[in-house]
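An overview of the molecular structure
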Amino acid sequence: MTSTLTKSAKIEISHIAKSFDGKPVLKDISLKIEDGQSYCIIGTSGCGKSVTLKCLLGLITPDSGSILIDGVETVGQSRTARENMLRQFGMTFQFGALFDSLPIWENITFRLRQTTAMPRAQARELAADIVVQLGLEARVIDQYPAELSGGMQKRVALARAIADKPNILLFDEPTSGLDPITGGVIDSLIVASVRNLGATALTISHDMASVRRIADKVAMLHKGHVIWQGPVGDMDNTGIPEVHQFVHGHATGPLTDEAVHAARTGV
Amino acid sequence: MIIALLQNIGHAAFRFLAVIGKVSLFTFASIRWTIMPPYYMRQLGRQMLDIGYYSLPVVGLTTLFSGMVLALQSYTGFARFSAEDTVATVVVLSVTRELGPVLAGLMVAGRIGASMAAEIGTMRVTDQIDALDTLSTRPLQYLVAPRLLAGTLCLPFLVLIGDVIGVFGGYLVSIYRLGFNKGLYIAKTLEFLQASDVVLGLVKAAVFGFLIALMGCYHGYHSGRGAEGVGRATTNAVVSASILILIANYLVTALFFG
Ligand SMILES: Nc1ncnc2c1ncn2[C@@H]1O[C@H](COP(=O)(O)OP(=O)(O)OP(=O)(O)O)[C@@H](O)[C@H]1O
Ligand SMILES: [Mg+2]
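Residues numbered from 1 in each chain as written. Chains lettered and ligands numbered in written order. Predicted model: local features only at pLDDT ≥ 70, side-chain atom pairs only at ≥ 80, totals over all residues. Heavy atoms only, no water.

Some details on the interface of chain B and chain A
Residue-level contacts link 19 residues of chain B with 22 residues of chain A. Together, the buried faces of chain B and chain A total about 1,800 Å²; carbon and sulfur atoms form 51% of this surface. For the pair chain B and chain A, the number of links is five salt bridges. Linking Arg138 of chain B and Glu83 of chain A is a salt bridge whose minimum nitrogen-to-oxygen distance equals 2.8 Å. Our count for the contact surface shared by chain B and chain A stands at seven residue pairs in polar contact (both at pLDDT 80 or more). Listing elements by their share of the side of chain B that touches chain A, those giving two or more residues are α1 (2-35), α2 (41-53) and α5 (128-134) of chain B. When residues of the side of chain B that touches chain A are assigned to their parent elements, the largest contribution, six residues, is made by α5 of chain B. The class makeup of the residues in the side of chain B that touches chain A is seven nonpolar, five polar and seven charged. (Contact = heavy atoms within 4.5 Å. Buried area = accessible area lost by both parts, 1.4 Å probe. Salt bridge = Lys/Arg side-chain N within 4 Å of Asp/Glu carboxyl O. Polar contact = N/O pair within 3.5 Å; in protein donor to acceptor, adjacent residues only side chain to side chain. Helix = DSSP H or I, 4+ residues; strand = E, 2+ residues; numbered from the N terminus. Nonpolar A, V, L, I, M, F, W, Y, C, P; charged D, E, K, R; others polar.)

And the structure:
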């Protein structure tokens, strides 16, 4: 096993902070994700996981801190530089964010058709191939997102994220709201995509079973800080009460006490 | 007490200026991306169909009844000093210069401004705009540019048709209710009408079309979070477009005859 020092960091987030209307959401977040790693972010609802991912994509600009991708600073970069950088990203959003006005095949091949002159017939064929790999029937490519179930939409979102073989994959709660079997299928798809594309993946998840299946490393966010990060195998014995409660899903513990306190005092 | 009042006024003025700045930046960026390639022809076609074609019934009905009521009103008015034969002129000039563009503009603001704000606002709150951005497509170019262009191009066309229908409405009432002579009425209609009257109306229409699309897109694009945010964006789009139409109507008219 090579040491972490010799392996290059694909993504390096250092000390980013972000407030909305004076309310701090991220206070000091630092994460280092190596090339080819599958990284998971966990944390209670509203702790800023999605915001972190959006900072990475430049959709939200952090108030301070730095984000390096392949060693290049991306905070405050030019529009052209950002547009080029984004081409190597594939992303699924928490609520799908499929384009309502376009059929599934156009959703899946959207970027390919924007950036290459891929003919319609070929794009449809490609979309059909991908949806079949993801366990959907080929005929769904002519349907619209609103006509699909939540689980099917999640798979289509995944298809859109991997269609043009990006080398960084970001997944925001890819299995939330799915039955355990479909969730398991999505997890193995993620693992397979990371392996087949040789990609680096960053996944947000609440689902500990899923985290155990897909992650090499895990970080837990809490109150704007990373309170723990380490290999997935160490997750059960961190000695940090918050992490312990979250990982084991206990109803009582420090996280619950804080939530009750916050609700009472309105902080 | 007075300090607090002044402070409030100051804050309000500051916020107002900030909004003006934000709208201006949005407008310039959108115009820039309308000019630069790539051009999304399919989006443009869809918008033109929606604005130009599907608004026809609303605009047609509005101008038809306005032309009709105008004939009736001006007849009873002018009959008091025996100037009934000016009805045709009054109808055609009012419709082409004022009523056609303003009524069509207001109706389309309600229909199109609202639907643009709702559609783009929904895309904002469901992260579809962020998704566009990450999928190598500039949202202003893909969503806003085609709408601005379609609004600016389609409203003059709608108004031209509205003008014809409005004048025809006046004609119907004058002939079948007020007993005017057909040939004479048509001759009177054309006698004082100048190309500049129609052109003025069409210039106004283009300006209104631009404003409607701009407000729909701006409010949708900056929609607040959740369904409530989209609802507010929709209302704001319609209200601000309607007010801007009335202000622009005065300014364009003053400019033409200034
Ligand atoms: N664009 C925004 N404007 C204002 N506040 C925001 C914005 N985006 C996120 N927030 C706030 O930041 C906080 C963190 O939001 P975020 O979506 O990152 O949570 P999360 O960790 O992804 O939670 P969940 O697990 O429920 O998805 C929330 O309090 C949210 O209200
Ligand atoms: Mg989230």
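Brief notes about α1 of chain B
Given 3.6 residues per turn, any residue in an α-helix points the same way as the ones three and four places further on. For α1 of chain B, with 34 residues, the first-to-last C-alpha span of 50 Å sits near the 50 Å given by 1.5 Å per residue. Among the residues of α1 of chain B, Val23, Phe26, Thr27, Ser30, Trp33 and Thr34 of chain B are the ones counted as buried. On its buried side, α1 of chain B packs onto α2 (79-86) of chain A together with α6 (139-176) and α8 (195-221) of chain B. (Expected span 1.5 Å × (residues − 1). Buried < 20%, exposed > 50% of the residue type's maximum accessible area, 1.4 Å probe, protein only.)

Some points on the confidence of the model for chain B
Summary statistics for chain B give a mean pLDDT of 94 and a share of 100% for residues scoring 70 or more. Model confidence for the complex: the whole-complex pTM is 0.91, and ipTM, which rates the interface, is 0.90. (pLDDT = per-residue confidence, 0-100.)

Quick look at the coordination of the magnesium ion (ligand 2)
Protein ligation of the magnesium ion (ligand 2) involves Ser50 of chain A (OG) and Gln94 of chain A (OE1), the donor distances falling in the range 2.0 to 2.2 Å. Residue Ser50 of chain A is found in helix α1 (residues 49-56), and its partner Gln94 of chain A is found in the loop between β6 (89-92) and α3 (104-108); the two are separated by 44 residues along the sequence. (Donors = N, O, S within 2.8 Å, 3.2 Å for Na, K, Ca; no water.)

Structural notes on the site of ligand 1
Residues in close proximity to ligand 1 total 14 residues, the closest being Ser45, Gly46, Lys49, Ser50 and Gln94 of chain A. Those chains with residues close to ligand 1 are chains A and B. Take Ser45 of chain A: an N or O atom from its side chain is 2.5 Å from an oxygen atom of ligand 1. Side-chain polar atom of His206 of chain A to an oxygen atom of ligand 1: 2.9 Å apart, as the coordinates give it. Protein contacts shield 72% of the accessible area of ligand 1, which totals 630 Å² for the unbound molecule. Mapped by element, the contributors of at least two residues to the shell around ligand 1 are β2 (23-34) and α1 of chain A. Here the element with the most residues in the shell around ligand 1 is α1 of chain A; it accounts for three residues. Counted by class, the shell around ligand 1 contains four nonpolar, six polar and four charged residues. (Near = heavy atom within 4 Å. Areas by Shrake-Rupley, 256 points an atom, 1.4 Å probe, with all protein chains shown as cover.)

Focus: the pattern of salt bridges
Residues and elements named next belong to chain B. Per the counting criterion, the structure on display carries 21 salt bridges over all chains. The residue Glu98 makes a salt bridge to Lys204 at a minimum N-O spacing of 2.7 Å. Residue Glu98 is found in helix α4 (residues 87-125), and its partner Lys204 is found in helix α8; the two are separated by 106 residues along the sequence. Classification of Glu98 by relative accessible area gives partly exposed; the value is 30%.

What about the packing of α8 of chain B against helix α9 (residues 226-257) of chain B?
All names here are of chain B. Where α8 meets α9, the axes come as close as 8 Å, and the angle between the chain directions of the two elements is 150°. In terms of their interaxial angle, α8 and α9 are classed as roughly antiparallel. Along this stretch, α8 crosses α9, giving a crossing that reads as right-handed. Here the contact of α8 with α9 is built from residues that sort into 16 nonpolar, eight polar and one charged. (Axes fitted to C-alpha atoms, helices over the stretch in contact; angles between N-to-C directions. Parallel < 35°, antiparallel > 145°, perpendicular 65-115°, else oblique. Left-handed = near helix turned anticlockwise from the far one by under 90°.)

Observations concerning the packing of aromatic side chains
In the structure shown here, the tally under the stated rule is 11 aromatic pairs over all chains. Ring centres of Phe26 of chain B and Tyr221 of chain B lie 5.6 Å apart, and the angle between their planes is 55°; on these two criteria the pair is classed as tilted. Taken together, the residues Phe26 of chain B in helix α1 and Tyr221 of chain B in helix α8 connect sequence positions 195 residues apart. Residue Phe26 of chain B shares its accessibility class with Tyr221 of chain B, and that shared class is buried. Ring pairs connect the aromatic residues Tyr75, Phe168, Tyr171, Phe180 and Tyr185 of chain B, which therefore count as one cluster. The ring of Phe99 of chain A is capped by Arg160 of chain A, whose NZ or CZ atom sits 4.8 Å from the centre of that ring. Above the face of the Tyr221 of chain B ring, Arg124 of chain B is positioned so that its terminal group lies 4.8 Å from the ring centre. (Phe/Tyr/Trp six-rings, centres within 6.5 Å; stacked < 30°, edge-to-face > 60°. Lys NZ or Arg CZ within 6 Å of the ring centre and 35° of its normal.)

Focus: the pairing of β2 of chain A
Residue and element names in this part refer to chain A. Where strand β1 (residues 9-20) meets β2, eight bridges bridge the pair, whose relative direction is antiparallel. Following the sheet pairing, Ile16 is matched in β2 by Ile29. Here β1 hands over to β2 after two residues, with Asp21 in that stretch at a positive phi of 50°. (Pairing = 2+ DSSP bridges.)

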